[in-house]
Amino acid sequence: RIQPHSTVGIYAMAQKLSFLTAALLTTLSRSFQPAHRPITTRISSTSLAAASSRTMLDKPYGTWESPITSKAITAGSVRLGGVHICDNKIYWLEGRPQEAGRNVLCKYAPEDSNKSERNGVDVSPKESNVRTRVHEYGGGALLMGTNEDQIYYSEFTTQRLCQLLKDGTSKPISPEGDRFRYADGVLSEDGSLIYCVREDHEKPEPKNVVNEIVSINVSDGSMKVIATGNDFYAAPRLSPDGKQLAYVTWAHPNMPWDATELRLTPVESSSSDSKSHELIAGIDGDTSVIQPLWHPQTGDLHYISDQSGYYNIYRLGYETSILPMEYDFGGSAPGWALGQQGYSFLPDGRLVAQYNKNGSSVLVVANVNQKDSPATDVQEFGSNDGLPMMFGGVSARSDNDLYFIGGSPSTPTSIYKWNIETKDKATILACSSNTSFSDDLISIPKQIEFPTTMGRTAFGYYYPPKNGGYICTTDKAPPLLVKAHGGPTACTGTSFNAGIQYWTSRGFAILDVDYSGSTGYGRDYRRRLKKSWGVVDIDDVCAGAEYLVKEGLADGERLCIDGGSAGGYTTLGALAFRDVFKAGCSMYGIGDLTALAGDTHKFESRYLDGLVGAYPEEEELYKQRSPIESVDTLSCPILLLQGVEDKVVPPNQAEMMHQALLKKGIPTCLKMYEGEQHGFRKAENIEDALDTELSFYGKVFGIAGIPGDVNVKVDNM
C-alpha cells in the first residue's frame, strides 16, 4: 500500500500520516494573518523571470524556472498533526523533515521568548519521537488528560509508553523491551489507568502478532487485558461514568472500512473474550462502524456507520442516523490510522462535525441532547463564514471557540481558531511553513468528473501549469503528470500541496485522481474496488489522462504517472497493462502481488483478499495483475524510489521490479533511501526524490534546459 492520505505529494502521510490524515499534511505557506505573524521569506516568480519587470518569458513547458524548489519545500516546512486541548492550552504535533522526520509535541505560546516561527515551544524531550508503530501506520501516539500531569505518548525508538514530566523529561511507564506497542488510549476519570490498543510482537511473524485492548496502571505499569480474541482493535472509549468501555473490533480478511463490530463491556467484566461482550453495531457483518464517542452530558454512545451507504453519525438506541446526509463523515481516510475522530462535542453538548462537499469542507453544528429524535438546530458553515477551504480534526476550548487544522489550494496547512458566534475570518495560530510564494506561482485546482469504463464516471483535481514569469506559445499543450493516491482506499484533497506546485510552477499540468475505491464518495464508490484492484483504478487514471488530452489540456505524447504505495502499484499497472503513459515513477510501490501477500505486516496481510481474491486459491489472478509478471508488455521508462526500512511494502518489491526491467532492457533507475520506512520523512530524501523524478522525465521527454536539473543515471538509456 498503502499510504494514507497523503495530501502533501511526496510526503503524504497519512498521512497519510496523516497525519493525518492524515493526515499529516506537509505544505508551504502563501498568505495568512496569524495573531502573531512569523517572519516569512516571500518569493515572487517575476523576480526570477524578469527581475523588476513584468515581462513574461516565452519558454517550453517543463523548462520554467521556479522558486518552489525541493529545498524550499523542506527548509521552512513541518508536518502539523492534530490539535489537542489540555488544561485550556493548545498543543499539536510537528513532523520535522530537517530532524530526520521526528514528531515533536508543541504548545502554543506566542508570548514565550523561545517560541518558534509557529508560535510554539517544544514540550516533548529533545530527540524524542512521538510516534507509534501499531498497524505500522500508527496514529493515536499521544494521550492528553485534563491537566499537564496527564500527558502520555509512545516513544518511537523504544515503542514504550512514556509520561511527560513538567521538567521537560519523560518517564517510561510500560515494561522495558520492544515486545509491545501502544496506541489510541483514553484515561480513566481518576487518571490512574490508561485504556489503549496494545500490539504484541513477542512472535514477530504477522500471523502471530496479537492485538488487544488493555488497561495500564500508570503508577507501576501493570497491565490487564480488557478485550482479546479478535484480529484487530481500535478506539477504546470510556463512558462518562467510567463503568463501560466501547470499542471497535474486526477480523481478517476485513479491513476497518469493510466490516467491523462495535462492542460494549463493563470495565470490571470477568471476561476479556470479545465474543462475550455486547455487540451493538455491525451485527450484519457487512457494515463499517468506526469512531465511537460518548456524549459527556447525556451519556449516550455515538458512532459513525456506513449502513446507509455513507459514513453518517448514529446514536445508540436511535434506529437511523441522527444527521442523515449523502456525504461521508469521519475524515479523509478513516480506518488507516488510529486515534481518528471526525466529530466531537462542544462543552455545551452540541455536536460538531465536518464533511467534504465538492472539494470544500463543511462544518456542522447541531443539538443532539434529545434521546428520541434526530439532531435539531442544525447549522452549516463554510468558507463564506470565514473558514478555510479544507479543514478537519476540530477541538473546542469553549462553547464557541473552535481549533482545527486546515488550509486551501493556496494556503498551507495551518492551525486555526474560529468562533461560531462571530464568524469572523479564522485566525491562523501556527503555519506549517515560514516561506511564502506570490499568487502568480500558485495553481488552483478544478474538480473534474470524467467518463471511465462500464458507463461510470470518476473524479479528480486538475491543476494547470502556472508561473507568472512565463508563457508557452511553442507547445500545443503541457506535459501531464497524473497522481495516484495511496490506500487504495484513501483520497486526495485540495489543501496546498507543495509537491504539486513544484511541478505546475515548472510548466507541468497535474491530475490528482480520486479513482474508483476512494473514500469520500459513499460506500458504493468505495466498493467499486472490491476484487477489482488493478483494473478499475487503472481504468480511471488512464481515462482521466485521455479526457484531458481530448480537452486540449494535456500533451498526449508527454503523459506520465506517479504514486506512492498502493498508488505505486496503480502506476506500475497502468504502465504494464495499458498504453497511455510514456513514463512513470513508483514510490515504495507494489510490483508483485504474490510476494506482497506473503510478506507484509499484519494489518494488511489479508487486505488483498478483498482487493484481488483469496490467496493462494486465486494465485493465478494475482499473477495476472502483477506488473512484474507483465514486463513483456512494458516499453516505457520507469523510476523506482524506495525506503530501505519499509515494513509495509518491503524493499524487495522495488528490487525485483528493477531487475526485471533491466533484463528486459527498459530504461529504469532505482534509488534506495537509508533510514526511511513507508514514505519519506528526511529532508534530504524528500528533496532528492522530487529532483530525481523531474530530471528523469526531462531525460525521457527530451526537455532540455531544466533549471536545477540533477544528474540521474538511467540504465538501458
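In the block above lies the structure referred to throughout.
Now for a quick tour of the structure.

Parameters at a glance
- Residues numbered from 1 in each chain as written.
- Predicted model: local features only at pLDDT ≥ 70, side-chain atom pairs only at ≥ 80, totals over all residues.
- Heavy atoms only, no water.
- Phe/Tyr/Trp six-rings, centres within 6.5 Å; stacked < 30°, edge-to-face > 60°.
- Helix = DSSP H or I, 4+ residues; strand = E, 2+ residues; numbered from the N terminus.
- Buried < 20%, exposed > 50% of the residue type's maximum accessible area, 1.4 Å probe, protein only.
- Lys NZ or Arg CZ within 6 Å of the ring centre and 35° of its normal.
- Salt bridge = Lys/Arg side-chain N within 4 Å of Asp/Glu carboxyl O.
- Pairing = 2+ DSSP bridges.
- Axes fitted to C-alpha atoms, helices over the stretch in contact; angles between N-to-C directions.
- Core = buried A, V, L, I, M, F, W, Y, C linked by side-chain atoms within 4.5 Å.
- Contact = heavy atoms within 4.5 Å.

Notes on the packing of aromatic side chains
A complete count under the given rule lists 33 aromatic pairs for this structure. Relative to Tyr470, the ring of Trp64 lies with its centre 6.0 Å away and its plane at 10°, an arrangement referred to as stacked. With Trp64 in the loop between strand S3 (57–58) and helix H2 (70–75) and Tyr470 in strand S34 (residues 470–471), this pair connects stretches of sequence that are 406 residues apart. The exposure class assigned to Tyr470 is buried, which follows from its relative accessible area of 5%. Here Phe232 and Trp250 contribute two aromatic rings whose centre-to-centre distance is 5.3 Å and whose plane-to-plane angle is 20°, an arrangement assigned as stacked. Note that Phe232 is positioned in strand S16 (residues 232–238) and Trp250 in strand S17 (residues 244–250), a separation of 18 residues in sequence. An aromatic cluster is built from Tyr137, Phe232, Trp250, Trp257, Trp336, Phe603 and Tyr607, whose rings are joined through pairwise contacts. A cation over a ring is seen here: Lys602 above Phe232, with NZ or CZ 4.9 Å from the ring centre.

Let's talk about the pattern of salt bridges
Taken as a whole, this structure holds 32 salt bridges when the rule is applied. Between Glu94 and Arg118 there is a salt bridge whose closest N-O contact spans 2.7 Å. You can see Glu94 sitting in strand S5 (residues 89–96) and its partner Arg118 sitting in the loop between strand S6 (102–108) and strand S7 (120–122), a full 24 residues away along the chain. With its nearest N and O atoms 2.6 Å apart, the salt bridge here joins Asp306 to Arg526. Taken together, the positions of Asp306 in the loop between strand S21 (301–305) and strand S22 (312–315) and Arg526 in helix H4 (residues 523–527) put the pair 220 residues apart, joining distant regions of the chain. Take Asp306 and Arg526: they sit in the same class, and that class is buried. Within this structure, Glu94, Arg96, Glu99, Arg102, Glu117, Arg118 and Asp122 form a network of salt bridges that share partners.

Digging into the pairing of strand S9 (residues 151–154)
The alternating pattern of S9 places Ile151 and Tyr153 and Tyr152 and Ser154 on opposite faces, both of which are buried. Both strand S8 (residues 142–144) and S9 contribute to a ladder of three bridges, which runs antiparallel. Looking at S9, one finds that Leu142 is bridged to Tyr153. Connecting the antiparallel pair S8 and S9 is a turn made up of six residues. The sheet contact formed by S9 and strand S10 (residues 161–164) spans three bridges and is antiparallel. Looking at S10, one finds that Tyr153 is bridged to Cys162. Hairpin geometry of S9 and S10 is characterised by an intervening segment of six residues between the two adjacent antiparallel strands and by a positive phi of about 60° at Gln159.

Some points on the sheet that holds strand S24 (residues 351–357)
The strand order across the open sheet formed by four strands is S23-S24-S25-S26, and the pairing between neighbours is antiparallel. A strand with exactly one partner marks an edge of an open sheet, and here the two such strands are strand S23 (343–345) and strand S26 (376–381). Neighbouring strand axes in the sheet, compared pairwise and without regard to direction, differ in orientation by 25° on average. When strand S25 (residues 360–367) meets S26, the two strands line up antiparallel, connected through four bridges. Its bridge partner lying in S26, Asn367 is registered against Thr376.

A word on the nonpolar core
Membership of the largest hydrophobic core comes to 76 residues, with the highest contact counts inside it found for Leu480, Val482, Trp503, Val541, Phe581, Leu634 and Tyr697. It is helix H11 (residues 683–701) that provides the largest number of residues to this core, a total of seven residues. For Phe581, the residues in contact, after removing those within four places along its chain, are Val482, Val541, Cys542, Ala545, Leu559, Cys560, Ile561, Ala574, Leu575 and Cys636. Core analysis: the next-biggest nonpolar cluster, separate from the first, contains 60 residues, Leu262, Trp294, Val362 and Ala490 among them.

Examining the side chain of Gln291
As for its placement among the helices and strands, Gln291 is situated in strand S20 (residues 289–294). Judged by relative accessible area, which is 6%, Gln291 ranks as buried.

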